[in-house]
Amino acid sequence: MKRIFLYLSIIVCTITACSDDEQFTTSPTALLTFSTDSVKMDTVFSNVGSRTYDFWVYNRTNRGLRLQSVFLRMGNQTGFRVNVDGSYLDNTLGSVVNDLEVRSGDSLRVFVELTAPRNQQPDPQLVEDKLVFALESGVQQHVTLWGHSWDAMITDSIIVTRDTLISSSQPVVIMKGLRVDSAATLNLQHTTLFFHSKAGIDVYGTLRTDSVVLRGDRLDRMFDYLPYDRINGQWRGIRFYPSSYDNELIATQIRNTEDGIICDSTALRSDRQRLYMERSSVQSCKGSGLQAFNSWVGLLRCLFANAEGDCLAFHGGAVIIDHCTVAQFNALGNGRGAALRFTNYYGDNPYPLVQMRMTNSIVTGYDDDVVMGQTLEGDSTTAFSYLFENCLLRTPALEDTINCRNIIWETKDDSIQGEKHFRLIDSHDLRYDFHLDSLSTAQGKGCYD
């Protein structure tokens, strides 16, 4: 037994000595292997940091490799920041790290970020550099780093206290919020506003938009196939407070919000409309698409799609909807609300629905019933007036020719129903095209008739 123990002890000591005495090679044929030959970053705003990207460096030879240095070819000129397995390439000291070792069978993890300087160009510009690995043998290997940088007007917050026009060919990034005071009108024209998380638009006065995109400020991707621009909850959305009237949104896109638009309860006035929207869209909301309380709202050729709450919800007021598409195909979060909900109450409070008229429109979705008309239980005196005419509705058919005229009642058993009406409904990649398919039975209806 003593001989066997002594023999095993010699073997263990020999193995330990070999592992501690790693052999390194300077052969030019001994090379590193990389998990990628290039790191492609998403577009970033100038002077705003990107998310962190990473890749692996492997030594798959049978000898250790020493790195004399790892450095950025362009130094500190491009804005890339690199950490090699815990060693930071300090851009103030030449963007280089020296004397690293990669033992046989071992690896290094490299982390890369980008904060690009302004490029003074109106469009996104390519930013490129090479991360060079200089081996002790004299061989240099590299991984290409590249992305695009986009100059933007970045502001903490905007408070509009007098009539103001914002029209910018450059994107405008708002970090905390935009507020329109009660005595002011803000006109937004031909511009894109990017809102940081939790930022939104609070309107106490009047908001008017024309050819505008309102969206979150993340330009990167959740997954390779899925940009954050398709993910809901990226910013807060628009809120019209009780003092706000005469708002007009023309050719405006609102997307990836918490709530798209909320119109707070106020006095219903026949001489002043609360909100008018034309050729506009509200898509991918974590809450409601448009929710209005006791408001006069007009919608013409608009799209409301894919909300975890209701795409459209009206609690009282006066509502006129013509040639609109309301499509509830939400595939994110905890479910989905109705495509269209209209009531004469909210909570325990009555809100008279003076009028809700929908014509030449499409209301559809995944669920069997996406149209919800609801009255306050036990209340027969609060107004609840509605009319559907020349519409496609995904809801059980009603024997009601007074309030429902020339209706296509859609069911799940129809050969053309739900997503089949449209050119593209991709709930995996969250890509949608709500133009009507040539086989749709809803021709002449909706926002893209």
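Below or above, wherever it landed, is the structure these notes cover. (Residues numbered from 1 in each chain as written. Predicted model: local features only at pLDDT ≥ 70, side-chain atom pairs only at ≥ 80, totals over all residues. Heavy atoms only, no water.)

## So, the packing of aromatic side chains
Now for step 1: Using the criterion set out here, one finds 20 aromatic pairs in the structure.
Now for step 2: Both rings, one in phenylalanine 34 and one in phenylalanine 133, keep their centres 5.1 Å apart while their planes meet at 50°; by these two values the pair is tilted. Of the two residues, phenylalanine 34 sits in strand E1 (residues 33-34) while phenylalanine 133 sits in strand E9 (residues 125-135), which places them 99 residues apart along the sequence.
Now for step 3: You can call phenylalanine 133 buried: its relative accessible area is 0%.
Now for step 4: Judged by centre distance (5.8 Å) and plane angle (15°), the ring pair of phenylalanine 223 and tyrosine 225 falls under stacked.
Now for step 5: A connected cluster of aromatic rings, assembled from ring pairs, spans Phe329, Tyr366, Phe422, Tyr432 and Phe434.
Now for step 6: A cation over a ring is seen here: arginine 60 above tyrosine 58, with NZ or CZ 4.3 Å from the ring centre.
Now for step 7: Positioned over the ring face of phenylalanine 24 is arginine 66, at 3.9 Å from the centre of the ring. (Phe/Tyr/Trp six-rings, centres within 6.5 Å; stacked < 30°, edge-to-face > 60°. Helix = DSSP H or I, 4+ residues; strand = E, 2+ residues; numbered from the N terminus. Buried < 20%, exposed > 50% of the residue type's maximum accessible area, 1.4 Å probe, protein only. Lys NZ or Arg CZ within 6 Å of the ring centre and 35° of its normal.)

## Some remarks on the environment of tyrosine 345
Now for step 1: Tracing the chain through its elements places tyrosine 345 in strand E31 (residues 345-346).
Now for step 2: Sequence spacing of tyrosine 345 and glutamate 308 is 37 residues, and the spatial spacing of their C-alpha atoms is 21 Å.
Now for step 3: Once residues within four sequence positions are removed from consideration, tyrosine 345 is found in contact with His315, Pro350, Tyr351, Gln374, Thr375 and Leu376. (Contact = heavy atoms within 4.5 Å.)

## A short note on the sheet that holds E9
Now for step 1: The strand order across the open sheet built from five strands is E2-E10-E9-E4-E7, with neighbouring strands paired in mixed fashion. Strands with a single pairing partner mark the edges of an open sheet, and in this sheet they are strand E2 (38-45) and strand E7 (96-102). Between one strand axis and the next, the sheet turns by 20° as a mean value, whatever way the strands run.
Now for step 2: Pairing analysis gives six bridges linking E2 to strand E10 (residues 140-150), with the strands arranged parallel. Across the sheet, valine 39 pairs through a bridge with leucine 145, a residue of E10. (Pairing = 2+ DSSP bridges. Axes fitted to C-alpha atoms, helices over the stretch in contact; angles between N-to-C directions.)

## Considering the side chain of threonine 382
Now for step 1: Along the chain, the position of threonine 382 falls in the loop between strand E35 (371-374) and strand E36 (384-389).
Now for step 2: On the accessibility criterion, threonine 382 (15% relative accessible area) is buried.
Now for step 3: Among the polar contacts listed, one links the side chain of threonine 382 to the side chain of aspartate 379, at a separation of 2.4 Å. (Polar contact = N/O pair within 3.5 Å; in protein donor to acceptor, adjacent residues only side chain to side chain.)

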